[in-house]
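Here is how the chains run, residue by residue.
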Amino acid sequence: MVKKFRNRRDHAATQNFSSFPSEEVSAKFTGPFRTNINEFITQFAPIVSDPRIGINLVSKPGFLKCKIPFNVSLRNEEHVDINMYIFEKSPANSNSPLCRDCQVVGWSKHPVCKKRYHFIIPNHQPTIPKKRSRKETRVEEDTKHLLHGLIHSNGYGHLVRINGIQGGSKNLSGSEIVSFWDRLCKLLRVRQISVMDVSKKYGVAYRSLHAITKGFPWYGLWGYDFGKGGFNVTKDEYRKAIDIISGKPMSYFFSLFSRCSSSERSRLLNVISFYRDFSDKKLSTVRDLFCVVLDLIHKAKIRDSREEEEDEEEESPLSSNNFTEKDKRTVEATILKIFMLVDECRSIKYQDLKKALYRTASPDIIDYCLKRLKQTVFGDGSVVASLYNDDTHSIEFRRCRDQSEFKLIDKRPSLKNLIRDLKFLFDSILDPNTMDERIDTVDYATRILDCKVFIKDYGNQRTHYINVEEDAEKLRICCNLEHSCKTKNLYLKPQPPSELLVLHNTATIRDLKLAALNAFQNVYIALKGLRIESLVDHEYINDSVHVRLFLGNNATVTVTGKCPVNYGGLSKFIMEGGKMNWIVDCFCGVKDDDGEKMIACDSCNVWKHTRCLSLDDDQIFDSSIKFVCPTCDSTNNTRSILTSV
């Protein structure tokens, strides 16, 4: 595959990262994902001529390397270039053909697709290694990518990973990366995209923090909604947990801990009281409390960045040794006179004060004195407080009568203390593993934390293209497949999603069957031997009948078919969940794999959550210990039995 394109010299045009794709480009991709992806690669991503593309990957069977260059505009009006690589992988040539993400999300009944497309923006500059190692990291295993998205050829996919500023990105924030990914998915007409949200911010689980403050997870800003909850948590239970905790009144915590000793209640109540008194807004609920702290953190970041810019602008190459103490006292005396002429309640901007001192001394001496003006005590005992004005985004000075008044004015918490308090409040109120057991929302906090899988539905096959300008010569038919697949040992009935068929307006029923056969065979490995038989509820319709006359446009139809999967060893590709010869039946009600840790009973082979069995990791990974579930050992009064072999 690589040799075939080795001499190709095509170069893709550089695209604008923040505006790609344009409306004109989006209008060209009107088909299903299985055809759009090929057109996209042809138009925007010519084959990379050198297999050593700079991210230390060796060309392997089933991979097709492509790249698209992008230009990123920075805030300082500079530009940087990045590349997005597209890898086409065939599960048929893989040692692990099943998709673990599909199993966790709930798409385990989908047949295994023929192709998987990895969209990757690496987080390093291209380098060509001198030697190749057999132990090189595979593309899908690198955790440092700025973006890693995977889409199956049926249009279902997963946002595997993003790394914004906190994840090591130098130029792109997490929001910018997700926005780009969302626009790309809309362009390619994907069906559904899942994401496993395990991100942390400020040292806490951000999916819980954002849900409490905004009412939905962070990915909900782009339309991602509840997908599948761990430990059998439903969408209604998830929503109820958010509403109960976010609406919890602050008075509840004062009432709960008022009867406790001062040492137990002091810190939590003191922190809540501080932000309640400090904030201009009324803090009535848990949501109000965390919103205020996050708002202060945001302002503190802006304040710190502004102060750094001021320091850089006012940085003087001279030290105090370059001028005399008399020069310093002259400037300070002038500053005192200026403050004496100004009301005590009035502040003076940094730049205004510098202009007023311009004629009193050299700029170097003024810079030195102003940078050290904060908490300067004058001869009359007054002290100067330095404040950051959130409205004007500037440093201001104010004269205080004494040190006690200065402390009242300059009590704004630092960014470090704000983040420390946020983590403490999260651990005390939102984290079920660390919060006080007397708080009656522990179970609700657990439910929120157990929900990690979120899904965005980009539209089903029937409604996904209504806004697309119709071609008078084309028919769009949403086709479902009802079929049976028999193997030697078991009877399986996978559930492939519907496929969009684009037909000529003169197409007949025979053409529809042929298009359906090609669509499903081209998408799924196990349907290689599929035979389309008839249309459901229209078994006796003649194949020569025109589709437009019989079904019309934008119709939905179901075809029946048979597919022997024993031939060629295709049975292992029948479903993403495998042959499903294992059973999940946990006390929490889960009947399928939800991605949480499980253990199988050595007697009945039924899988259950280790957390529901109160088992530690040290116990379940000890090969010398045998596990028997309570169902198999009715004489045991505990939840499970662990015995040494």
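Counting restarts for each chain, with residues numbered from 1 along the sequence as it is written. Where local features are concerned, this predicted model is filtered to residues with pLDDT of at least 70; where side-chain atom pairs are given and counted, the filter is 80 or more; whole-chain, interface and lining totals use all residues. Water and hydrogen atoms play no part in the side-chain values, which are based on all heavy atoms of the structure.

### A few points about the pattern of salt bridges
Then, in step 1: Basic side-chain nitrogens of Lys or Arg form a salt bridge, by our definition, when they fall within 4 Å of a carboxyl oxygen of Asp or Glu. According to the stated counting rule, one finds 18 salt bridges in the structure shown.
Then, in step 2: D436 serves as the salt-bridge partner of R438, at 2.7 Å between the closest nitrogen and oxygen.
Then, in step 3: Classification of residues uses two cut-offs on accessible area relative to the type maximum, computed with a 1.4 Å probe and protein chains only: under 20% is buried, over 50% is exposed, and between them is partly exposed. With a relative accessible area of 25%, D436 lands in the partly exposed category.
Then, in step 4: Linked by salt bridges that have partners in common, R34, R191 and E499 make up one network.

### Some thoughts on the packing of aromatic side chains
Then, in step 1: Only the six-membered ring of Trp is used, alongside the rings of Phe and Tyr, when aromatic pairs are assigned; centres must lie within 6.5 Å, and planes under 30 degrees apart are stacked while those over 60 apart are edge-to-face, with the rest tilted. Going through the model one piece at a time under the given rule, you end up with 19 aromatic pairs.
Then, in step 2: Ring centres 4.4 Å apart and planes at 15° place the aromatic pair F17 and F180 in the stacked group. One end of the pair, F17, is in the loop between strand 1 (15-16) and helix 1 (23-26); the other, F180, is in helix 4 (residues 174-188), with 163 residues separating them in the sequence.
Then, in step 3: Accessibility expressed as a relative area gives 0% for F180, which makes it buried.
Then, in step 4: Judged by centre distance (6.0 Å) and plane angle (80°), the ring pair of F33 and Y117 falls under edge-to-face. With F33 in helix 2 (residues 33-44) and Y117 in strand 4 (residues 116-121), this pair connects stretches of sequence that are 84 residues apart. Like Y117, F33 is buried.
Then, in step 5: Among the aromatic residues, those joined into a cluster by ring pairs are F17, F20, F29, F40, F44, F70 and F180.
Then, in step 6: Two limits define a charge over a ring: the Lys NZ or Arg CZ must be within 6 Å of the ring centre, and within 35 degrees of the ring normal. Note that K248 overlies the ring of Y252, its terminal NZ or CZ placed 4.3 Å from the centroid. Secondary structure is summarised from DSSP: a helix means a run of H or I of at least four residues, a strand means a run of E of at least two, and numbering begins at the N terminus for each.

### Examining the sheet that holds strand 20 (residues 583-584)
Then, in step 1: Across the sheet, which stays open at both edges, the 3 strands sit in the order 20-22-21 with mixed pairing between neighbours. Taken across any chain shown, the strands that pair with only one partner, and hence form the sheet edges, are strand 20 and strand 21 (598-600).
Then, in step 2: When strand 20 meets strand 22 (residues 606-609), the two strands line up parallel, connected through 2 bridges. What sits directly across from I583, in strand 22, is V606. When DSSP finds two or more bridges between two strands, those strands count as paired.

### Some remarks on helix 6 (residues 235-246)
Then, in step 1: Here helix 6 spans 17 Å end to end across 12 residues, near enough to the 16 Å set by a 1.5 Å rise per residue.
Then, in step 2: Looking only at helix 6, the buried set comprises Y238, A241, I242, I245 and S246. Down the axis, helix 6 shows its buried residues gathered within 110° of arc, on one side only. Helices are assigned an expected span. That span is 1.5 Å times one less than the residue count. To be clear, the arc concerns the directions from the helix axis to the C-beta atoms.

### Regarding the nonpolar core
Then, in step 1: Residues belong to one nonpolar core when they are buried, are Ala, Val, Leu, Ile, Met, Phe, Trp, Tyr or Cys, and are joined through side-chain atoms within 4.5 Å. The biggest cluster of nonpolar side chains holds 92 residues, and the ones touching the most others in it are F40 and F253.
Then, in step 2: It is helix 9 (residues 286-314) that provides the largest number of residues to this core, a total of 9 residues.
Then, in step 3: Residue ranges assigned to the domains are those given by an automatic or database domain assignment. Looking at this core, you find at least three residues from each of domain 1 (15-128 + 137-198) and domain 2 (247-305 + 417-448).
Then, in step 4: If we skip the residues at most four places from it in the chain, F253 touches K248, L268, L269, I272, V286, I429 and I439.
Then, in step 5: Core analysis: the second largest hydrophobic core is formed by 26 residues, L517, V523, L530 and V547 among them. The contact rule is simple, with two residues in contact once any of their heavy atoms fall within 4.5 Å.

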